[in-house]
Amino acid sequence: MVTDIYREEVLDHARNPRNRRKLSQPTAVAQVSNPLCGDTLSLAVVLGGNPPRVREVGFEAEACVISVAAASMLTEKIKGQTEADLAGLTEKEIFSWLGGALTPSRVECALLPLKALREVLKEANLK
Amino acid sequence: MVDLTKIRADFPILSRKVNGHPLVYLDNAATTQKPKSVIETISNYYETLNANVHRGVHRLAEEATAKYEDSRKKVAKFIGASSPREIVFTRGTTEAINLVAYSWGEANLKAGDTILLTIMEHHSNLVPWQLLAQRKGLHLDFIPVTKAGYLKDPERMIRKFRPKLLAFVQVSNVLGTINPAQDLIRVAHEVGATVLVDGAQAVSHLPVRVKELDCDFYAFSGHKMLGPTGIGVLFSKTALLEEMPPFLGGGEMIKEVFLRESRYAEPPYKFEAGTPDIAGVVGLGAAVEYLSGLGMEVIRQLEEELVSYAEARLAKVKGLMIYGPRRPADRGGVIAFNVEGIHPHDLATVLDQDGIAIRSGNHCAMPLHERLGVVASARASFALYNTKEEIDLLVEGIERAKKVFKR
């Protein structure tokens, strides 16, 4: 039997994504896509304080279960974190949230939200 | 009566297991599996007659050359060409189309000319023309696709746009639509257009007769017709090939070379610069022999029955939407679909857990998916060795996926 990548926690995040919403006044927004399937995901953050922390986060996606679940989990974890904290977030951590049973071709799906996070921070720093 | 068990036994990979289940291979539009005869022909080539072709005068070189040219004859006969000289070996369909774009296109098209394509083209029959259009200032126009998955008024569109080149897919790799190639070619010729047909999804599924089609170019890949990867074919009429400038320069394609200029070999050699994929060509010959042994009419009949069964079974799955023509006679070996509420990647992953291989994504046809109004789709595609039992397993797998993802 294969380890199921669609375990209950993953499915729960996909069915009831946390922070799936549009932010009205984000500090920055970034949209990324997965060229394999054309899925898109956009991530918005409100940064504030000194050093700046993630005050609010929201994502919108037209994407598969893996991408949506990873985005939902990511938005939960990054709230309140500083840029330095976020820089330390690794791909490995994301795999571990998902249960670590991804097949190689689904790795891109899992990392789509992280790609968006890196883009959105770049975007915020340009402002 | 064809013995499917016997056919399946010819394909060693079909007996392997995936995730503990027997492999159900339904991704044949991406690449087909290879029969033992092809695999053995390739290893036999390397074990007994490997040498470079058209060069040496020693025995091995002569035997390798004879075998290489023998494949060219087989391919010519298989697609109903007038002569083996009309067969140019390429790396695949993509390279064959690029060859036409760079050689024929550069020499014959000028700013303001129109290339007419269709919305159902694979990226390989779209991007080379975009590049050419950008280089030369050409117009690209497109025959639209109806909701039912057919080309919309193609003959009227050809008369309206009066293109210099019409390039279209004979069988869509997503919709499965079998386009009325012969009619389109006739009308295109009436308005003076040159015609290229992308036969990648047609050649191992339908009897193809290029002379009767009367197309100017016909491109296809070896690996989608039981042959090895890395080898493909461009068919063109001898007169056209003679007029066309070379594509790649180097050895093999020349008659005489001086320091500042060269004289080129006759076609098809003019277009086969460098040492070719000799093992690939020889393997392709074995694939053609295998297909011819069964007969393309027989294969088409087998697949039409299978596709018709698959369509009927899939149509009964609640929430499943099939794209493309609903008449099996108008459909090649491809069925693309979506299941409500399930992303095709997730569906493909669940099916993979049951050992079932399907494709998910946009199948190198992004503009067509946009027309369909979806980001991606799932696709089951068949070959002569697939069975109705495998389709039953596919349907069971889809039902299981619906349970996994139910809300």
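Residues numbered from 1 in each chain as written. Chains lettered and ligands numbered in written order. Predicted model: local features only at pLDDT ≥ 70, side-chain atom pairs only at ≥ 80, totals over all residues.

1. A closer look at the domain arrangement of chain B
All names here are of chain B. Considered domain by domain, chain B is made up of domain 1 (4-27 + 296-404) and domain 2 (39-293). Taken together, the contact pairs 23 residues of domain 1 with 22 residues of domain 2. Of all elements in the fold, only α11 (296-315), β14 (334-339), α13 (366-372) and β17 (377-381) reach the threshold of two or more residues within the side of domain 1 that touches domain 2. Element by element, the count of residues in the side of domain 1 that touches domain 2 is highest for α11, at 5 residues. Here the side of domain 1 that touches domain 2 is composed, by residue class, of 11 nonpolar, 5 polar and 7 charged. (Domains from an automatic or database assignment. Contact = placed C-beta atoms within 7 Å. Helix = DSSP H or I, 4+ residues; strand = E, 2+ residues; numbered from the N terminus. Nonpolar A, V, L, I, M, F, W, Y, C, P; charged D, E, K, R; others polar.)

2. Describing the environment of B:Gly20
Here B:Gly20 is to be found in the loop between β1 (17-18) and β2 (21-22). Placed 333 residues apart in sequence, B:Gly20 and B:Gln353 show a C-alpha to C-alpha distance of 8.6 Å.

3. Here's the deal with the nonpolar core
Judged by nonpolar contacts, the single largest core of 122 residues is most densely connected at B:Ile79 and B:Leu166. Ranked by the residues each element gives to this core, the list is headed by helix α10 (residues 278-294) of chain B, at 10 residues. Once you skip the residues sitting within four places of it in the chain, B:Ile79 turns out to touch B:Val203, B:Val208, B:Val210, B:Tyr218 and B:Phe235. Counting 37 residues, the second-largest nonpolar core is a separate cluster that includes A:Val65, A:Ile66, A:Val68 and A:Leu102. (Core = buried A, V, L, I, M, F, W, Y, C linked by C-beta atoms within 7 Å. Buried ≥ 20, exposed ≤ 12 C-beta atoms within 10 Å, placed from the backbone.)

4. Here's the deal with helix α4 (residues 93-108) of chain B
In this model, α4(B) (16 residues) spans 21 Å end to end at C-alpha, consistent with the 22 Å of a helix rising 1.5 Å per residue. The complete set of buried residues in α4(B) reads B:Thr93, B:Thr94, B:Glu95, B:Ala96, B:Ile97, B:Asn98, B:Leu99, B:Val100, B:Ala101, B:Ser103, B:Trp104 and B:Gly105. (Expected span 1.5 Å × (residues − 1).)

5. What to know about the packing of helix α4 (residues 91-98) of chain A against helix α5 (residues 107-126) of chain A
Residues and elements named next belong to chain A. Two numbers describe how α4 lies on α5: the axes approach to 10 Å, and their chain directions differ by 125°. In this view, α4 runs oblique relative to α5, as classed from their interaxial angle. Seen along the crossing, α4 lies across α5 with a hand that is right-handed. Each of Glu 91, Ile 94, Phe 95 and Leu 98 in α4 lies in contact with α5, whose residues at this interface are Ala 110, Leu 111 and Leu 114. For the contact of α4 with α5, the residue count by class is 6 nonpolar, no polar and 1 charged. (Axes fitted to C-alpha atoms, helices over the stretch in contact; angles between N-to-C directions. Parallel < 35°, antiparallel > 145°, perpendicular 65-115°, else oblique. Left-handed = near helix turned anticlockwise from the far one by under 90°.)

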